[in-house]
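What follows is each chain in one-letter form.
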Amino acid sequence: MENNRRAALPDPLLASDGTRIQTPEQWAGIRRSEIVELFRKHVYGRAPLDRPENMKFVAVEESTGWMEGKAMRKTVDIVMEGPGGSGVIRLYLFVPTEARRPVPTFLLICNRRAENADPDRQVLSQFWPAEQIVERGYAAAMFNLKDVDPDKYDGFKDGVHGIFDPQDVPRPPDAWGTLGAWAWGASRAMDYFETDPDIDHTGVGVVGQSRGGKTALWCGAQDERFAMTVSNDSGCGGAAISRGKQGETLQNINTSFPHWFCENFKSYNGREEELPVDQHMLLSLVAPRLLYVASASEDTWADPASEFLACVEAGPVYRLLGLEGVGASTMPEPDSPLHQGSIGYHVRTGKHNLTEYDWHRFMDFADRHMKARA
Ligand code: GTR
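The structure contained in this document is the topic of the report that follows. (Residues numbered from 1 in each chain as written. Predicted model: local features only at pLDDT ≥ 70, side-chain atom pairs only at ≥ 80, totals over all residues. Heavy atoms only, no water.)

1. Remarks on the pattern of salt bridges
Applicable threshold: By definition, a salt bridge exists where a carboxyl oxygen of Asp or Glu is found within 4 Å of a side-chain nitrogen of Lys or Arg. A run of H or I in DSSP becomes a helix once it reaches four residues, and a run of E becomes a strand once it reaches two; helices and strands are each numbered from the N terminus. Using a 1.4 Å probe on the protein chains alone, a residue whose accessible area is under 20% of its type maximum counts as buried, one over 50% counts as exposed, and one in between counts as partly exposed.
Across all of its chains, the model carries 34 salt bridges by this definition. Between R6 and E313 there is a salt bridge; the shortest N-O distance is 2.6 Å. Here R6, found in helix α1 (residues 2-7), pairs with E313, found in helix α9 (residues 304-320); they are 307 residues apart in sequence, far enough to count as distant. E313 sits in the buried class, given a relative accessible area of 13%. E263 is the salt-bridge partner of K266, the closest N and O atoms lying 3.1 Å from each other. Owing to a relative accessible area of 43%, E263 belongs among the partly exposed residues under this scheme. Linked through salt bridges whose partners overlap, the residues forming this network are R188, D191, E194, D223 and R225.

Encoded structure:
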């Protein structure tokens, strides 16, 4: 069964004109951009702009004495304007006081309510254990995705769609959906990191849980400035292979969340095998940079086996670029992380969630592969 599934997947190393990709140059020059384009056209849609010309970073606050003196906090507003109005993405950063500058950083795309990632540290949650991130020598950065685009289907009127979409013209079927908007927002945080001397913008990992994990992958796939991309329990439309997937299907996700993907994606409901891509190809776009995929054993809706399969099938691209992928072809036991290659993977025992266990494994992997490079 698993072999049949694998055989039915599109080949990341076969270009659309039939060219077999055999060198890193061919990958970078031909196939990588072709795959990005396929995901834009058929899955996530196309952002109408990169960095807005008039975008500004406003330092709202900077204070020391956080986390028993171990961190400073910065609050930065990313302010933007477009034909449809203006908007603000508020970015929070806790920077370890003692660490050598510039500091490698984890950026959390927060998809949950404020108490899960409290910038005032009144409520502490495993979802964003900022104290422990700082303790391990990383800056902990976070924004909430509702600042970029509220998570509701409103015909793309609010958030950055309303601000930047061309006015008074019909929406093309490959216009960016809400996941695409969120990923775009994470890239704007990277624009800020490039200006902050405390932050090592060459050592940033973008992290997301579930819908945030789908977003982190699409962000890291497109924006090569991110050194590491972390998907936690991202499932359908994230790390999980769509063909033959258990749990949530394209039909389910496009029905419950009609605003997440582009309109074209809906035409693949129930016809996953017609898609010119599958999610291992999204993962392969992160190569040769670091990728981490985490699953949870009871998260059958996301389908851990399909998430792991995508890691295995992204391997040929990593190997073409001279690196090991996930370094195994059978799924590891729960709580037995695979960290030796450039794709890290673990299945945590338990439910759909982002926990301290997951964070510590991301940091173990980053200590080994990202910090070691510094
Ligand atoms: C679910 C959705 C999943 C996942 C999850 C979440 O309802 O079906 O694809 O995104 O929400 O974001 O927690």
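Next, the rest of the story.
2. A word on helix α5 (residues 178-193)
For the α-helix, the turn length of 3.6 residues means that residues three or four positions removed from each other point alike. For clarity, the cut-off: By this rule the span expected of a helix is its residue count minus one, scaled by 1.5 Å.
Taking 1.5 Å per residue, 16 residues should reach 22 Å; α5 reaches 23 Å between its end C-alpha atoms and fits that length. The buried count for α5 comes to 16 of 16 residues, which makes it a mostly enclosed element.

3. Structural notes on the site of the ligand
Selection criterion: Note on terminology: near, applied to a residue and a molecule or strand, indicates that one of the residue's heavy atoms is within 4 Å of it. Whenever two N or O atoms come within 3.5 Å, that pair is a polar contact, provided that in protein one can donate a hydrogen and the other can accept it, and provided that, for residues adjacent in sequence, both atoms are side-chain atoms. Put simply, Ala, Val, Leu, Ile, Met, Phe, Trp, Tyr, Cys and Pro go in the nonpolar bin, Asp, Glu, Lys and Arg in the charged bin, and everything else, Gly too, in the polar bin.
Inspection of the region around the ligand gives S210, R211, K214, E248, I253, F257, W260, W301 and H352 as its neighbouring residues. Here an oxygen atom of the ligand and a side-chain polar atom of S210 are 2.9 Å apart. Separating an oxygen atom of the ligand from a side-chain N or O atom of E248 is a distance of 2.5 Å. In terms of residue class, the shell around the ligand is built from four nonpolar, two polar and three charged.

4. Regarding α9
Test applied: Fitting axes to the seven residues that end at a residue and to the seven that start at it, the angle between those axes gives the bend at that residue.
Between the first and last C-alpha of α9 there are 26 Å, a value that for 17 residues agrees with the 24 Å anticipated at 1.5 Å per step. Roughly 30° is the biggest bend found in α9, and it falls at A314, with proline P316 one to four residues downstream. The element α9 is extensively covered by neighbouring structure, given that 14 of its 17 residues are classed as buried. Of the residues trailing α9, G322 is marked for its positive phi of about 85°.

5. Re the environment of L9
Applicable threshold: Every residue pair with non-hydrogen atoms within 4.5 Å of one another is taken to be in contact.
Summarising the element assignment, L9 is placed in the loop between α1 and α2 (24-44). Judged by its relative accessible area of 10%, L9 is buried. Each C-alpha atom, one on L9 and one on L275, is 9.6 Å from the other, the two residues being 266 residues apart in sequence. Contacts of L9, omitting those with residues within four sequence positions, involve I241, R243, D278, H280 and E313.

6. Points about the side chain of S295
On the secondary structure map, S295 appears in strand β8 (residues 290-296). Accessibility expressed as a relative area gives 0% for S295, which makes it buried. Reaching out from S295, the side chain makes a polar contact with the side chain of E307 at a distance of 2.6 Å. Setting aside residues no more than four positions away along its own chain, S295 makes contact with D233, P304, E307, Y345, H346, V347 and R348.

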